[in-house]
2 protein chains.
Amino acid sequence: MTLTFDIRHRDGATLARTGTLHTAHGEIETPAFMAVATQAAVKTLTPEDLEKIGVQLLIANTYHLALRPGADQIAELGGLHAFMNWQRPLMTDSGGFQVFSLGAAIRDGVGKIADIFPDEPHPPPPSPPLPSPDEVQSGEGRGGRGAKGEALCQIDDDGVSFRSHLDGKRMRLEPENSIHIQHQLGADLILAFDECTSPLDSYEYTREALARTHRWALRCLEQHGKTRHEYQALFGIVQGGAYRDLREESAGFIGSLPFDGLAIGGSLGKSKKDMHAILDWTIPRLPEGKPRHLLGIGEIHDIIEGVARGIDLFDCAAPTRWARNGALIVSRAEALNAERRINISNARFALDRSPVDSDCDCYTCQHFSRAYLHHLHRARELSYYRLASIHNLRAMTRLMHDLRRSVTEGRFSDFRLAETARA
Amino acid sequence: MTLTFDIRHRDGATLARTGTLHTAHGEIETPAFMAVATQAAVKTLTPEDLEKIGVQLLIANTYHLALRPGADQIAELGGLHAFMNWQRPLMTDSGGFQVFSLGAAIRDGVGKIADIFPDEPHPPPPSPPLPSPDEVQSGEGRGGRGAKGEALCQIDDDGVSFRSHLDGKRMRLEPENSIHIQHQLGADLILAFDECTSPLDSYEYTREALARTHRWALRCLEQHGKTRHEYQALFGIVQGGAYRDLREESAGFIGSLPFDGLAIGGSLGKSKKDMHAILDWTIPRLPEGKPRHLLGIGEIHDIIEGVARGIDLFDCAAPTRWARNGALIVSRAEALNAERRINISNARFALDRSPVDSDCDCYTCQHFSRAYLHHLHRARELSYYRLASIHNLRAMTRLMHDLRRSVTEGRFSDFRLAETARA
């Protein structure tokens with residue numbers, strides 16, 4: 001195994017654990033939250049900012065980077081680490097999530113526009129060149145459709161045909177080339193190419209998609225043996241929607257294959273209870289010694305509940321997206337609600353000289369007042385987006401630090417209780 | 001005089017000179033280029049970025065800050081230095097330029113939308129709430145008109161009535177309250193409230209406007225004696241369009257008043273030749289010992305020609321605006337044209353591993369390739385705007401540094417020649 005994972009401490013009462021993942025680009029203390037760098041950049045931030053914030057790991061995206069600037073180009077420029085000048089651990093998603101975000105999410109109207117247009121810094125574009133969820137004709141085949149009715153994403157047993165959300169050009173992803181592109185990008189951790197289903201998919205469709213995802217998992221492993229950089233580790237993805245037998249089957253099957261780590265993806269049901277149940281069905285069937293990644297999850301309570309159920313890795317664009325929209329994370333002491341976020345555009349901050357969070361050690365809280373951030377946000381000054389992103393990402397790295405310490409010191413249940421008491 | 005200005009070196013062949021301006025918030029080595037912080041922020045940058053870039057002085061705007069967040073609010077928060085956490089020298093413009101940018105510039109179609117909507121980071125808003133130049137009915141009275149024909153700016157002998165470009169609310173600026181607002185903001189250097197005319201204004205109108213500007217200059221001085229912070233210095237503004245006798249009259253009159261410094265504002269004609277002539281008429285009539293500021297000018301050649309004619313201070317939003325639009329300044333050695341700018345969106349940079357300018361010591365050039373900036377710009381990643389702004393502002397501070405050294409070392413004429421040889 002190219003990746004080694006040392007489990008350091010286990011909580012007595014739950015499945016929570018701390019550990020260290022060793023990669024060719026450094027160590028990751030788990031549980032860890034990774035920042036999202038879809039297009040080879042965490043929005044508004046430099047690698048230096050991320051290091052100061054204490055971000056250990058980034059996740060970039062195969063579909064988006066293959067379209068722009070292109071995998072060959074990044075390979076020619078020395079790989080993603082060199083291209084973006086990030087010398088620490090890096091993961092890439094496989095494009096499997098775009099099967100959902102450009103397909104069923106548009107068809108079913110359950111996606112976020114930010115997943116389709118990651119280059120839009122804040123409000124969505126005035127006239128998107130391609131689909132808005134409303135324009136999509138539902139029910140005709142699998143996949144979302146563009147403004148003119150053409151499919152953005154068509155799934156068959158061998159792979160997925162996309163039409164670029166940028167210019168309509170066709171792109172084909174199959175297990176082999178998704179993995180090969182990820183080898184070209186050169187991230188430390190890469191993900192299998194899967195079919196990410198919708199919460200609205202039927203049992204029958206989800207079962208059919210799961211069979212595909214399992215066949216593709218074998219093809220991903222085969223390709224991984226052929227073209228990887230020695231240091232690259234491949235994670236398998238457990239699917240199965242919110243259906244217990246499918247999740248159990250998938251955890252058993254994917255968990256039995258020689259992946260370096262396991263990810264839990266796809267629809268996590270319609271409520272937090274569903275998500276917890278899915279984790280409870282899945283985790284006990286996964287091999288104990290491999291790292292576990294809960295894909296796309298990043299709300300504070302969801303992270304704590306995920307850790308309690310044995311998750312080691314999280315990624316989510318929400319904290320930085322909240323920041324850009326004015327929602328800043330505050331400490332438990334400052335919080336007025338369970339979500340622990342204030343809306344900086346609120347008029348009550350116009351004359352507030354205090355920092356966003358008086359407990360916070362981030363650059364923003366050390367240098368600027370709520371009043372100034374309120375002004376920058378209202379005035380749509382570009383510096384606002386960076387200062388807010390620094391704060392929210394620092395809030396996430398501090399959360400993960402406190403959470404790891406609570407496990408190490410045998411206080412995880414108290415930590416969890418203190419958080420959920422406000423929920 | 002609250003401001004002291006030591007002239008250090010003079011060029012033998014031209015009016016170029018170096019000096020030191022001493023303010024309560026530190027020294028400024030002149031000739032200096034100031035960064036534009038219209039809304040109490042230099043777009044995309046923090047004070048720490050600006051210090052690292054070597055920016056000595058910022059200029060913020062009375063009209064924009066009085067509208068949002070409000071002068072009372074900034075005063076209550078301890079003034080502009082505290083509000084934006086910039087502890088170095090600071091200047092404020094008086095609102096006089098908005099008499100032009102919201103008035104004649106719209107009427108005559110000679111303004112830039114960025115002067116009206118400074119909160120728009122890059123492309124102008126999809127549907128501006130207020131005027132576009134095309135919508136303006138020309139010829140009816142002084143001032144631009146909004147989409148519904150209401151005037152945005154009406155000039156009378158006592159002052160100017162604006163309608164807010166943000167929400168249509170009325171705002172009145174007269175010499176007394178422009179100066180009083182600038183006292184509340186608390187910048188080190190402040191500017192008289194004047195009427196900035198258009199290059200299309202007739203001789204008769206420009207003469208009439210100049211008489212107003214001169215009467216207002218006396219009222220500004222009177223107000224300055226009443227409510228200023230001890231450390232604040234007031235600059236008078238020379239107007240008169242491209243009309244020689246008016247410029248000479250204005251330089252003589254404004255130069256004879258007890259201002260701490262002098263600025264040259266308004267229409268600088270229709271060509272670089274006009275601008276040079278205006279400086280040649282004006283400068284010799286200004287007192288030798290006071291600092292001279294050429295308002296709103298920031299092209300490299302214009303700065304060099306301004307220095308040659310005796311200018312000490314420059315401000316211009318163009319270098320950071322160019323940066324956001326993809327135009328990055330390169331050194332003379334790298335330049336292909338007189339403007340010394342490359343368009344980073346050009347496909348020839350897609351695989352270019354070199355920095356923007358291999359001579360440059362800025363953060364961007366030390367850490368990122370042209371290929372990566374090309375990608376970030378095409379993908380409209382927010383981090384692009386900051387990295388590009390850092391580079392272009394550093395290019396300006398390096399230019400000013402080299403220019404000062406050429407004067408100090410008696411090589412200014414060679415320096416000027418080397419630059420203009422490419423023009």
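Residues numbered from 1 in each chain as written. Chains lettered and ligands numbered in written order. Predicted model: local features only at pLDDT ≥ 70, side-chain atom pairs only at ≥ 80, totals over all residues.

Peer 1: Teacher, can you tell me more about the overall build of chain A here?
Peer 2: For chain A, the count of helices and strands is 16 helices and 16 strands. Here the analysis covers contacts within chain A between residues at least 6 apart in sequence; of these, 66% occur between residues at least 24 apart. (Helix = DSSP H or I, 4+ residues; strand = E, 2+ residues; numbered from the N terminus. Contact = placed C-beta atoms within 7 Å.)

Peer 1: Sorry if this is basic, but what is going on with the relation of the copies chain B and chain A here?
Peer 2: Copy one and copy two of the chain differ by a rotation about an axis and a translation along that axis. For these two chains of identical sequence, chain B goes onto chain A by a turn of 180° and a shift of 0.0 Å along the axis, with RMSD 0.0 Å. Each copy turns onto its partner about a two-fold axis. (Least-squares fit on C-alpha atoms with pLDDT ≥ 70 in both.)

Peer 1: Just to check I follow, could you spell out the domain arrangement of chain A for this structure?
Peer 2: Residue and element names in this part refer to chain A. Domain boundaries assigned for chain A yield domain 1 (7-102 + 156-316) and domain 2 (327-414). Taken over C-alpha atoms, the centre of domain 1 sits 28 Å from the centre of domain 2. With 23 residues of domain 1 at the contact, the number on the domain 2 side is 19 residues. Of all elements in the fold, only β2 (17-23), β4 (32-36), α1 (47-53) and α11 (300-308) reach the threshold of two or more residues within the side of domain 1 that touches domain 2. (Domains from an automatic or database assignment.)

Peer 1: I tried to follow the environment of Ile 74 of chain A on my own but got confused; where do I start?
Peer 2: Residue and element names in this part refer to chain A. Positionally, Ile 74 belongs in helix α3 (residues 71-76). Residue classification places Ile 74 among the buried residues on the basis of 26 C-beta atoms within 10 Å. Through-space distance from the C-alpha of Ile 74 to that of Phe 349 is 44 Å; in sequence the pair is 275 residues apart. Sequence-distant contacts of Ile 74, defined by excluding residues within four places in its chain, comprise Leu 65, Pro 69, Gly 79, Leu 80, Phe 83, Gln 184 and Leu 185. (Buried ≥ 20, exposed ≤ 12 C-beta atoms within 10 Å, placed from the backbone.)

Peer 1: Whenever I open this one, the packing of helix α7 (residues 175-185) of chain A against helix α8 (residues 203-227) of chain A confuses me. Can you help?
Peer 2: The packing of two helices is summarised by the inter-axis angle and the distance between the axes. Residue and element names in this part refer to chain A. Packing of α7 against α8 brings their axes to within 8 Å, and their N-to-C directions diverge by 40°. Taken together, α7 and α8 sit at an angle that is classed as oblique. Where α7 crosses over α8, the handedness of that crossing is right-handed. For the pair formed by α7 and α8, the contact residues are Pro 175, Glu 176, Ile 179, His 180 and His 183 on the first element and Trp 216, Arg 219, Cys 220, Gln 223, His 224 and Thr 227 on the second. Broken down by class, the residue content of the contact of α7 with α8 amounts to four nonpolar, five polar and two charged. (Axes fitted to C-alpha atoms, helices over the stretch in contact; angles between N-to-C directions. Parallel < 35°, antiparallel > 145°, perpendicular 65-115°, else oblique. Left-handed = near helix turned anticlockwise from the far one by under 90°. Nonpolar A, V, L, I, M, F, W, Y, C, P; charged D, E, K, R; others polar.)

Peer 1: Just to check I follow, could you spell out the sheet that holds strand β8 (residues 159-163) of chain A for this structure?
Peer 2: All names here are of chain A. If you trace the three strands from one edge of the open sheet to the other, you get β7-β8-β9, paired in antiparallel fashion. Bordering the open sheet on either side are β7 (153-156) and β9 (170-173), each of which pairs with just one other strand. Averaged over all pairs of adjacent strands, the angle between strand axes in this sheet comes to 15°, irrespective of strand direction. Where β8 and β9 come together, four bridges link them in antiparallel fashion. Bridging from a neighbouring strand, Val 160 pairs with Leu 173 of β9. Where helix α5 (residues 96-108) meets the sheet, it contacts β7 and β8, and its direction lies at approximately 125° from that of β7. (Pairing = 2+ DSSP bridges.)

Peer 1: Can you walk me through the nonpolar core in this structure?
Peer 2: Within soluble globular proteins, side chains that are nonpolar tend to cluster in buried spots. Counting 254 residues, the largest nonpolar core has Met 34 and Leu 58 of chain A together with Met 34 and Leu 58 of chain B as its most contacted members. Not counting chain neighbours up to four residues away, the residues in contact with Met 34 of chain A comprise Leu 57, Leu 58, Ile 59, Met 91, Leu 313, Phe 314 and Asp 315 of chain A. (Core = buried A, V, L, I, M, F, W, Y, C linked by C-beta atoms within 7 Å.)

Peer 1: Sorry, what's going on with the sheet that holds strand β2 (residues 17-23) of chain B here?
Peer 2: The pairing of strands in a sheet happens through backbone hydrogen bonds and is either parallel or antiparallel. Residues and elements named next belong to chain B. Strand order across the open sheet formed by three strands is β1-β2-β3, with antiparallel pairing between neighbours. Edge positions in the sheet fall to β1 (4-10) and β3 (26-30), since each of these pairs with one other strand and no more. Direction aside, neighbouring strands of the sheet carry axes that sit 15° apart on average. Pairing geometry for β1 and β2, over six bridges, is antiparallel. Residue pairing across strands places Phe 5 opposite Leu 21, the latter belonging to β2. The strands touched by helix α15 (residues 382-408) are β1, β2 and β3; relative to β2, the strand with the most contacts, the crossing angle is about 120°.

Peer 1: Looking at this structure, I do not really get unusual backbone geometry. What am I missing?
Peer 2: Negative phi is the rule for most residues except glycine; trans is the rule for most peptide bonds. Here Arg 68 of chain A and Pro 69 of chain A are connected by a cis peptide whose omega angle stands at 10°. Phi at Arg 340 of chain A is positive, roughly 55°, even though this residue is not glycine. Note that Arg 340 of chain A resides in the loop between β15 (327-329) and β16 (341-343). Under the C-beta neighbour-count criterion, Arg 340 of chain A is labelled buried, with 23 such atoms within 10 Å. If you check the backbone angles, Thr 44 of chain B has positive phi at about 80° while not being a glycine. Here Thr 44 of chain B is to be found in the loop between β4 (32-36) and α1 (47-53).

Peer 1: What exactly am I supposed to notice about the interface of chain B and chain A here?
Peer 2: How big an interface is tends to be stated in terms of the accessible area lost upon association of its parts. On the side of chain A, 35 residues touch chain B, which itself brings 35 residues to the contact. When residues of the side of chain B that touches chain A are traced back to their parent elements, those giving at least two are α3 (71-76), α4 (80-84), α14 (370-378) and α15 of chain B. Considering each element in turn, the side of chain B that touches chain A owes the most residues, five residues, to α14 of chain B. Tallied by class, residues from the side of chain B that touches chain A come to 18 nonpolar, eight polar and nine charged.

Peer 1: Help me understand the packing of α14 of chain B against α15 of chain B in this model?
Peer 2: All names here are of chain B. One can describe the packing of α14 onto α15 by two numbers: an axis separation of 8 Å at closest approach and a directional angle of 130°. When the axis of α14 is compared with that of α15, the two are oblique. α15 is crossed by α14, and the crossing has left-handed handedness. In this structure, α14 contributes Leu 373, Leu 376 and His 377 to the contact, and α15 contributes Ser 383, Tyr 384, Leu 387 and Ala 388. Of the residues contributing to the contact of α14 with α15, the split by class is five nonpolar, two polar and no charged.

Peer 1: For this particular structure, what's the right way to read the pairing of strand β3 (residues 26-30) of chain A?
Peer 2: Looking along a regular strand, one sees the side chains alternate between the two faces of the sheet. Residues and elements named next belong to chain A. Across five bridges, the pairing between β2 and β3 is antiparallel. When the sheet's bridge partners are listed, Thr 20 is paired in β3 with Glu 29. Here β2 folds back onto β3 in antiparallel fashion, the turn holding two residues.

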